Amino acid sequence: EAGVTQFPSHSVIEKGQTVTLRCDPISGHDNLYWYRRVMGKEIKFLLHFVKESKQDESGMPNNRFLAERTGGTYSTLKVQPAELEDSGVYFCASSQVQYRGRGSEAFFGQGTRLTVV
Amino acid sequence: AQRVTQPEKLLSVFKGAPVELKCNYSYSGSPELFWYVQYSRQRLQLLLRHISRESIKGFTADLNKGETSFHLKKPFAQEEDSAMYYCALSVWSGNTGKLIFGQGTTLQVKP
């Protein structure tokens, strides 16, 4: 079974440019999450999709970040325009269902390392 | 406030020594806690969850609600245990859950 796949694995862009990250979840997983780890900090939640709907986007840092999941399959996270503080590792995760109190597992992709210079 | 604290950035032990990676949490609801591990050049993966009360690769973790802790333990460390370990708390808003992570602890097992 293919795991969660993220593209690209690395991206180096200049401040002010646009970058689009892509995540392909495990087939059949309705839940898709984006997380980010900025250098020296903890991994932080960005947002959560259930199929194509945004369930929780409370972690999105500002309106320069736009996430989509058209058709409820893969998702994209666009940063426009990128700033220096956006540098970090962006993780995508997916899960089949969420069971409150039953600790359902989220499967993570390998991450995209974004460097803004 | 919802928070996970891992006080040690780096834990270095010799092979065969006991290991304890500390994790404390703050959460007003009923906690669901996990340990995730990231080996070198691999993706983040679930190691264990408190609800399963399981032992994976010799690791165990007990939820202590009185001390709000979920420390990860292994009696005899192996070199292949060297990795980054993250404690995570599942927090819920209605029917939607998300993970809150600690800052992570790098475990280095020396030969």
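### So, the side chain of lysine 98 of chain B
Checked against the element boundaries, lysine 98 of chain B lands in strand 10 (residues 96-101). A distance of 3.2 Å separates a polar atom in the side chain of lysine 98 of chain B from a polar atom in the side chain of serine 58 of chain A. Apart from residues lying up to four places away in sequence, lysine 98 of chain B is in contact with Tyr35, Phe45, Asp56 and Ser58 of chain A together with Leu89, Ser90 and Val91 of chain B.

### Some words on the nonpolar core
Judged by nonpolar contacts, the single largest core of 28 residues is most densely connected at Trp35, Leu72 and Tyr85 of chain B. Contributions of two or more residues to this core are made by strand 2 (10-14), strand 3 (19-21), strand 5 (32-38), strand 6 (45-49), strand 9 (83-93) and strand 11 (105-110) of chain B. When residues of this core are assigned to their parent elements, the largest contribution, 6 residues, is made by strand 9 of chain B. Setting aside residues no more than four positions away along its own chain, leucine 72 of chain B makes contact with Val19, Glu20, Leu21, Trp35, Leu47, Leu48, Phe59, Thr60, Ala61 and Tyr85 of chain B. In terms of nonpolar packing, the next biggest core, distinct from the first, is built from 21 residues, Val4, Leu46, Leu47 and Leu114 of chain A among them.

### Concerning the sheet that holds strand 8 (residues 72-74) of chain B
Where strands meet in a sheet, backbone hydrogen bonds hold them as pairs that are either parallel or antiparallel. Residues and elements named next belong to chain B. Spatial strand order, 3-8-7: 3 strands in an open sheet with antiparallel pairing. Sheet topology places strand 3 and strand 7 (60-61) at the edges, where each strand pairs with a single neighbour. Examined bridge by bridge, strand 7 and strand 8 share 2 bridges and lie antiparallel to one another. Pairing of threonine 60 across the sheet is with lysine 73, part of strand 8.

### Quick notes on the state of the cysteines
In the structure shown here, the tally under the stated rule is 2 disulfides over all chains. One disulfide in the model links cysteine 23 of chain A with cysteine 92 of chain A; its S-S distance is 1.8 Å. Between cysteine 23 of chain A and cysteine 92 of chain A, the S-S torsion sits near -65 degrees, and that sign places the bridge as left-handed. Here cysteine 92 of chain A lies in strand 9 (residues 88-95) and cysteine 23 of chain A lies in strand 3 (residues 19-24), a separation of 69 residues in the sequence. Neither residue differs from the other here; cysteine 23 of chain A and cysteine 92 of chain A are each classed as buried. There is a disulfide in this structure between cysteine 23 of chain B and cysteine 87 of chain B, and the S-S distance comes to 2.0 Å. Negative torsions about the S-S bond denote left-handed disulfides, and the value of about -65 degrees found for cysteine 23 of chain B with cysteine 87 of chain B makes this one left-handed. Of the two residues, cysteine 23 of chain B is situated in the loop between strand 3 and strand 4 (24-26) and cysteine 87 of chain B in strand 9; the sequence distance between them amounts to 64 residues. Here cysteine 23 of chain B and cysteine 87 of chain B have matching classes, each one buried.

### A short note on the pattern of salt bridges
All names here are of chain B. Tallying each qualifying case throughout the model produces 7 salt bridges over all chains. When the shortest N-O distance is used, the salt bridge between glutamate 20 and lysine 22 registers 3.0 Å. Owing to a relative accessible area of 28%, glutamate 20 belongs among the partly exposed residues under this scheme. Residue lysine 22 is classed as partly exposed on the basis of its relative accessible area of 29%. Salt bridges here are not isolated pairs; linked through shared partners, they connect Glu20, Lys22 and Lys73.

Conventions we followed
Residues numbered from 1 in each chain as written. Chains lettered and ligands numbered in written order. Predicted model: local features only at pLDDT ≥ 70, side-chain atom pairs only at ≥ 80, totals over all residues. Heavy atoms only, no water. Helix = DSSP H or I, 4+ residues; strand = E, 2+ residues; numbered from the N terminus. Polar contact = N/O pair within 3.5 Å; in protein donor to acceptor, adjacent residues only side chain to side chain. Contact = heavy atoms within 4.5 Å. Core = buried A, V, L, I, M, F, W, Y, C linked by side-chain atoms within 4.5 Å. Buried < 20%, exposed > 50% of the residue type's maximum accessible area, 1.4 Å probe, protein only. Pairing = 2+ DSSP bridges. Disulfide = S-S within 2.5 Å. Salt bridge = Lys/Arg side-chain N within 4 Å of Asp/Glu carboxyl O.

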